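# Observations on chain architecture
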Amino acid sequence: MLPARLKNARLRANLTQEKLGVLSGIEEATARSRVSQYESGVHRPNFEMMCAFAKVLDVPECYFYTVDDQFAEAVLELYKRR
């Protein structure tokens, strides 16, 4: 998982770290802190958590794992066409 991709997707969705965490199933008391740690790369979320983030952010799961930035943007465009 590329931490910057999570942050970029969250900002595009206009969500705070806390709101993303809560909507993804993280307890409100720790949501902001956990998402912050994921976005900074201090901790890595498991695949199930990334799937929850993808659902809330309306992006495909692979977006968070694609190394090439141009390819990641192309994936987003294809996903939006569905």
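- Named according to an unreviewed UniProt entry, the chain is Helix-turn-helix protein originating from Orbus hercynius.

## So, unusual backbone geometry
- Within the chain, Asn14 stands out as a residue other than glycine whose phi angle is a positive 60°.
- By the element assignment, Asn14 lies in the loop between α1 (3-12) and α2 (17-23).
- Owing to a relative accessible area of 71%, Asn14 belongs among the exposed residues under this scheme.
- With a phi angle near 55°, Asp58 is a residue other than glycine that sits in the positive phi range.

## Overview of the pattern of salt bridges
- Taken as a whole and judged by the stated rule, the model has 5 salt bridges.
- The shortest N-O distance in the salt bridge between Asp69 and Arg5 comes to 2.5 Å. Of this pair, Asp69 sits in helix α5 (residues 69-80) while Arg5 sits in helix α1, and the two are 64 residues apart along the sequence.
- For Asp69, a relative accessible area of 54% puts it in the exposed group.

## Describing the packing of aromatic side chains
- If you walk through the whole model with that rule in mind, you get 3 aromatic pairs.
- Ring centres of Tyr38 and Phe53 lie 6.0 Å apart, and the angle between their planes is 65°; this geometry places the pair in the edge-to-face category. With Tyr38 in helix α3 (residues 28-40) and Phe53 in helix α4 (residues 47-57), this residue pair connects regions lying 15 residues apart in the sequence.
- With a relative accessible area of 7%, Tyr38 lands in the buried category.
- The interplanar angle of 40° and the centroid separation of 6.2 Å between the aromatic rings of Phe47 and Tyr65 together place this pair among those described as tilted. Of this pair, Phe47 sits in helix α4 while Tyr65 sits in the loop between α4 and α5; the two residues are 18 residues apart in sequence, bridging distant segments of the chain.
- Phe47 gets classed as partly exposed once you look at its relative accessible area, which sits at 45%.
- Under the relative-accessibility criterion, Tyr65 is labelled partly exposed at 34%.

About the thresholds
- Residues numbered from 1 in each chain as written.
- Predicted model: local features only at pLDDT ≥ 70, side-chain atom pairs only at ≥ 80, totals over all residues.
- Heavy atoms only, no water.
- Helix = DSSP H or I, 4+ residues; strand = E, 2+ residues; numbered from the N terminus.
- Buried < 20%, exposed > 50% of the residue type's maximum accessible area, 1.4 Å probe, protein only.
- Salt bridge = Lys/Arg side-chain N within 4 Å of Asp/Glu carboxyl O.
- Phe/Tyr/Trp six-rings, centres within 6.5 Å; stacked < 30°, edge-to-face > 60°.

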